[in-house]
Amino acid sequence: MIELKSYRDLTVWQKSMDLVVICYQLTSQFPKTEIDGLSSQIQRAAVSIPANIAEGKGRNHLGDYIRHLSMANGSLKELETHLMIVGRLGYLKEQELKVTALSL
């Protein structure tokens with residue numbers, strides 16, 4: 001069994017950090033009118049995922065950890081919804097959305 005010394009050792013945290021990078025790269029392609037709209041919403045939801053995982057892992061109680069994992073999951077669902085909206089608006093190509101969906 002692998003010993004987890006830090007939240008950084010969690011695969012889910014590592015993958016969620018990769019997802020943040022992907023989301024920032026994707027939102028850089030959005031129309032400038034979306035800087036304060038969907039771009040910001042997507043970036044904040046994406047950043048919230050690894051941040052909540054890390055914060056929860058840093059808590060001393062299992063209940064706190066589970067609560068933060070639940071918040072991270074909520075942010076993931078929020079991000080997924082934002083990306084579906086982006087697809088409907090035609091801001092990204094179908095292939096870009098598929099690559100991002102695989103990261104979710």
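- The protein chain is annotated in an unreviewed UniProt entry as S23 ribosomal protein from Cyanobacterium aponinum.

## Brief notes about the packing of aromatic side chains
Part 1 of the reasoning: Enumeration over the complete set of coordinates arrives at two aromatic pairs.
Part 2 of the reasoning: On the basis of an interplanar angle of 75° and a centroid distance of 5.2 Å, the ring pair of Tyr-7 and Trp-13 is categorised as edge-to-face.
Part 3 of the reasoning: You can call Tyr-7 partly exposed: its relative accessible area is 26%.
Part 4 of the reasoning: Here Phe-30 and Tyr-91 contribute two aromatic rings whose centre-to-centre distance is 5.6 Å and whose plane-to-plane angle is 45°, an arrangement assigned as tilted. With Phe-30 in the loop between helix H1 (11-27) and helix H2 (38-57) and Tyr-91 in the loop between helix H3 (62-89) and helix H4 (94-103), this pair connects stretches of sequence that are 61 residues apart.
Part 5 of the reasoning: Using a relative accessible area of 4% as the deciding quantity, one classes Phe-30 as buried.
Part 6 of the reasoning: The ring of Tyr-65 is capped by Lys-57, whose NZ or CZ atom sits 5.8 Å from the centre of that ring.

## What to know about the environment of His-61
Part 1 of the reasoning: Residue placement: His-61 occurs in the loop between H2 and H3.
Part 2 of the reasoning: Overall, the relative accessible area of 55% leaves His-61 in the exposed class.
Part 3 of the reasoning: Between the alpha carbons of His-61 and Leu-79 there is a distance of 27 Å; along the sequence they are 18 residues apart.

## Things to note about the nonpolar core
Part 1 of the reasoning: Counting 22 residues, the largest nonpolar core has Ile-42, Ile-49 and Leu-79 as the members making the most contacts within it.
Part 2 of the reasoning: Of all the secondary-structure elements, those providing two or more residues to this core are H1, H2 and H3.
Part 3 of the reasoning: No other element matches H2, which puts seven residues into this core.
Part 4 of the reasoning: With residues up to four places along the chain from it excluded, the contact list for Ile-49 reads Ser-16, Leu-19, Ala-72, Ser-75, Leu-76 and Leu-79.

## A short note on the packing of H1 against H2
Part 1 of the reasoning: Running from N to C, H1 and H2 cross one another at 170°; their axes reach a closest spacing of 9 Å. Considering their axes alone, H1 and H2 lie roughly antiparallel with respect to each other. Along this stretch, H1 crosses H2, giving a crossing that reads as left-handed. Counted together, Val-12, Trp-13, Ser-16, Met-17, Leu-19, Val-20, Cys-23, Tyr-24 and Thr-27 of H1 and Ser-39, Ile-42, Gln-43, Ala-46, Val-47, Ile-49, Pro-50, Ile-53 and Ala-54 of H2 form the full contact between these two elements.
Part 2 of the reasoning: Across the contact of H1 with H2, the residue classes tally to 14 nonpolar, four polar and no charged.

Cut-offs and rules
- Residues numbered from 1 in each chain as written.
- Predicted model: local features only at pLDDT ≥ 70, side-chain atom pairs only at ≥ 80, totals over all residues.
- Heavy atoms only, no water.
- Phe/Tyr/Trp six-rings, centres within 6.5 Å; stacked < 30°, edge-to-face > 60°.
- Buried < 20%, exposed > 50% of the residue type's maximum accessible area, 1.4 Å probe, protein only.
- Helix = DSSP H or I, 4+ residues; strand = E, 2+ residues; numbered from the N terminus.
- Lys NZ or Arg CZ within 6 Å of the ring centre and 35° of its normal.
- Core = buried A, V, L, I, M, F, W, Y, C linked by side-chain atoms within 4.5 Å.
- Contact = heavy atoms within 4.5 Å.
- Axes fitted to C-alpha atoms, helices over the stretch in contact; angles between N-to-C directions.
- Parallel < 35°, antiparallel > 145°, perpendicular 65-115°, else oblique.
- Left-handed = near helix turned anticlockwise from the far one by under 90°.
- Nonpolar A, V, L, I, M, F, W, Y, C, P; charged D, E, K, R; others polar.

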